[in-house]
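# An overview of the molecular structure
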Amino acid sequence: MRAPDSGLPLQFEHTRVEAGNRRILDIEALTIASGAPTAVVGPNGSGKTTLLRIGMGLLKPTAGRVTWGGRENAAATRRAFLFQRPVMLMRSAASNIDYALASADVPRAVRKRKISELLALVGLSDFEARPARHLSGGEQQRLALARALARDPELLLLDEPTASLDPAAAKAVEDILREVAGRGIKIVVTTHDLGTARRLAGDVVLLHRGRVIEHTLSGIFFTQPKTEEARRFQAGDLLI
Amino acid sequence: MRKLKHAFVIGATALALALSQNVVAQDKSIIVASTTSTVDSGLFGHLLPLFKAKTGIDVRVVSQGTGQALDTGRRGDADVVFVHARSQEEKFVADGFGVKRSAVMYNDFVLIGPKSDPAKVKGSKDITAALVKIRNAGAPFISRGDKSGTHAAELNLWKIAGVDIAKDKGPWYRDIGQGMGAALNTASASNAYVLADRGTWLSFKNRGDLIISVEGDKRLFNQYGVMLVNPAKHAHVKKDLGQSFIDWLISPAGQKAIADYKVGGEQLFFPNATVPGA
Amino acid sequence: MNMPASVCIFSEELTYAVTNAIKFRGVEIVFLSAFWMLITGDPALYRIIGLSLYVSLTATLIAALVGLPLGALLALKEFRGRIAAVVFVNALMGMPPVVVGLAVFLLLSRSGPLGSLGILFTPRAMIIAQAILITPIIAALARQTLADLWVQYRDELAAMNVSTAGSVATLLWDGRFSLLTALLAGFGRACAEVGAVIVVGGNIDGFTRTMTTAIALETSKGDLPLAIGLGAVLLVIVIAINAIAWAIRRTGERLAGAA
């Protein structure tokens, strides 16, 4: 057995998405490499979610290329996605993770151990047998995170993971993400919360009207933004 | 996915078990296509336990109109046909669908009508005169209209009475296309005349205002015959079991059992297997 | 196995006598005749009830094995002509039982293509006819239920790379309590129909006589009180089964956190 080919970097080349005659995404070139988390920021409707879905392979671009580790048709086995409003299967918390493990072809024998590990990682060990839909919003978000991690991803894409959470719950999620990133999993997270981006990200992509306005290291983005849009966005002006 | 597979396996197994269960019970049984009159009158309920006790054979009776019962035999869906329309029976045998027709018993038809008797036929012994009066009075009349033995007998009586019913029928003549019971229910509900076999009439419970208007005419005689479906046409016919049922029906024991069946103290069917030409 | 017919005739007449004796006290009392048979443990009646349940439950099981996956596929698989297929399956819900019965009859008749099976006028023929009758009902109702669930699940399952077959299984499992309604609708229809079973079963006493064909027979014998009484017994049985199923659904949903 040889190690599977890496799905990184994630590269977009002349990638366009159109709905009718409206252009939702238009990316000349964007490379997301392994390393610290990448934050994709921008106002609502700037194309963040669309970018993320294409990065997962859930959506095919209208034109252009997307490659994972240089390959266009790479299997999505080591990619995982966390939706903004994750849907829990109508099963227990443990079964939700078990389902993800099974769908990633994890052998039955090791699943029990993995479930405990993942539940512990997201701090839900006590909720193992609880119906997933009976958990609170923050708990569901963390369970969804555990479910995504069950796929043993090298690339984890998260769509506004803290948007609908109160600060305490958001912090819990961010802590887990930091822990996950520390294990070498590449995180790409969309957020309109600059605080999240500042706390988590190694690099930042600013999207506006479907275009990449700026892609730079987090330290540079927040101290010496190159573009007018980035300055205004950080100043809290309404980018329209 | 595995769960679904399990469900399929369990379901399929249960199904196989369920469906195989009644194979065993099918061992010694025959299917008899007969008429509503023999079933609805309760005759078979009386005869079959006696026959079963003697031979161990289960007789499964499907009750249909005579025409339909003969069709069932023609298709090979029954082993024995037991009906009452002599000319059709003879044709059935002549066409090679039946082996041999044996006369079994007779009863008679009666003309049923409302107590109020709008056509003034009550007490008559002349069925054709009564039918003509009904036609002339335009009194409601229910016809089976289902190609049954009773329907055939009714059409034949109109013909003898000189009435071309196909031409003469008006709103008073209601062709319902259903069994004897349904015809009696309809007559009861609409105070109409109807031709019925005596057996069904005697065991019919929803009479309302209906009474017997005409009886005793020789032309109301109703002969039953029985035939084995021809194994040469349908190889699966249970020849031996079917024949033993026929043999029993026309044996002294079977004939006595038929004579013994009474409803409200009245004998319904009269065995005549030994009468030549019946 | 077979009870002497004299027993049923006796009890039938007894029932009739009882019914007649109490008739004048009010129409509602006619129901008592059939319940009287139920209480006194009339073996013929119990055999009829048993056969009705056996035939209809088996038919429901078969129809579920076909109809549920079919409904799930119609809910989640996008293919050309899907809308036409959905319309077609929905339309089949309105199939007249007699037509189904007739088709199965012609199929199973000794002169028909499957005549060599020799199962016309047996409970098996009735099961086949009812299964065909209610498969579209179960499939159509399952599709409706599962389409709603699929809207929720589609993205998550896609992100988990779940195959079509896996998605079907997931929908069926997670929707199992809601699907009970579809099964009950199918079972109810199977239990209530008379047109198909009377044609393919032949209403043979002690062998293929069900509640509904017995009701048809008693009606044709003019014993309307007994027919109505049998109808009431059928209704009570169906209500009981529905109540049990709903209890299962409520409890199950609560425990699984589906509600």
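Residues numbered from 1 in each chain as written. Chains lettered and ligands numbered in written order. Predicted model: local features only at pLDDT ≥ 70, side-chain atom pairs only at ≥ 80, totals over all residues. Heavy atoms only, no water.

### A look at the overall build of chain C
The helix and strand inventory of chain C stands at eleven helices and zero strands. What you see in chain C, going N to C, is helices and strands ordered as α-α-α-α-α-α-α-α-α-α-α. Buried residues in chain C amount to 54% of all 259 residues. Summarising the internal contacts of chain C: among those between residues at least 6 apart in sequence, 71% fall at separations of at least 24. (Helix = DSSP H or I, 4+ residues; strand = E, 2+ residues; numbered from the N terminus. Buried < 20%, exposed > 50% of the residue type's maximum accessible area, 1.4 Å probe, protein only. Contact = heavy atoms within 4.5 Å.)

### Side note on empty space enclosed by the protein
A probe matching the size of a water molecule, rolled over the atoms, marks out where space remains unfilled. Tallying each qualifying case throughout the model produces four cavities of 30 Å³ or more. Taken together, Ala80, Phe81, Leu82, Pro86, Ala144, Arg147, Ala148 and Arg151 of chain A together with Glu156, Ala159 and Met160 of chain C form the lining of the largest cavity. If you list the elements that add at least two residues to the lining of the largest cavity, you get β5 (79–82) and α4 (137–149) of chain A together with α6 (123–159) of chain C. Every residue along the wall of the second largest cavity is listed here: Ser52, Val55, Ser56, Gln130, Ala190, Cys191, Val197, Thr210, Met211 and Thr212 of chain C. Of all the secondary-structure elements, those providing two or more residues to the lining of the second largest cavity are α3 (43–76), α8 (176–192) and α10 (211–220) of chain C. (1 Å grid on protein atoms, 1.4 Å probe; cavity = no way out; pocket = protein on both sides within 12 Å on 5 of 7 lines; lining within 4 Å. Points joined across faces, edges and corners; volume = space filled by probe spheres on them.)

### Quick look at the sheet that holds strand β4 (residues 63–68) of chain A
Pairing between sheet strands relies on hydrogen bonds along the backbone, with the strands arranged either parallel or antiparallel. Residues and elements named next belong to chain A. Strand order in the open sheet formed by three strands is β2-β1-β4, with antiparallel pairing between adjacent strands. The open sheet has two free edges, formed respectively by β2 (22–32) and β4, since each of these has just one partner strand. Each adjacent strand pair in this sheet contributes to an overall mean axis angle of 20 degrees, direction not counted. As defined by bridge partners, strand β1 (residues 10–19) adjoins β4 across five bridges and the pair is classed as antiparallel. By the bridge assignment, Arg16 is partnered in β4 with Ala63. In the packing of helix α1 (residues 48–56) onto the sheet, contacts are made with β1, β2 and β4, and the angle to β1 comes to roughly 120 degrees. (Pairing = 2+ DSSP bridges. Axes fitted to C-alpha atoms, helices over the stretch in contact; angles between N-to-C directions.)

### Describing the packing of α4 of chain A against helix α5 (residues 167–182) of chain A
All names here are of chain A. For the pair α4 and α5, the least separation of the axes is 9 Å and the interaxial angle reads 15 degrees. Between α4 and α5, the angle is such that the two are roughly parallel. Judged by the twist between their axes, the crossing of α4 over α5 is right-handed. Within the contact between the two elements, α4 uses Gly138, Gln141, Arg142, Leu145 and Leu149 and α5 uses Ala169, Ala172, Val173, Ile176, Leu177 and Val180. (Parallel < 35°, antiparallel > 145°, perpendicular 65-115°, else oblique. Left-handed = near helix turned anticlockwise from the far one by under 90°.)

### A few points about the interface of chain A and chain C
Between chain A and chain C, the contact holds 21 residues from the first and 20 residues from the second. Summing the contributions of chain A and of chain C, the shared interface buries around 1,800 Å²; its carbon and sulfur component is 54%. On the chain A side of the contact with chain C, Met90, Arg91 and Tyr99 of chain A bury the most area, a combined 34% of that side's loss. Linking chain A with chain C are three salt bridges, by the criterion used here. Of the charged contacts, one joins Arg147 of chain A and Glu156 of chain C as a salt bridge, the two residues approaching to 2.9 Å between their closest N and O atoms. Only α1 and α2 (93–103) of chain A provide two or more residues apiece to the side of chain A that touches chain C. In terms of residue class, the side of chain A that touches chain C is made up of 13 nonpolar, three polar and five charged. (Buried area = accessible area lost by both parts, 1.4 Å probe. Salt bridge = Lys/Arg side-chain N within 4 Å of Asp/Glu carboxyl O. Nonpolar A, V, L, I, M, F, W, Y, C, P; charged D, E, K, R; others polar.)

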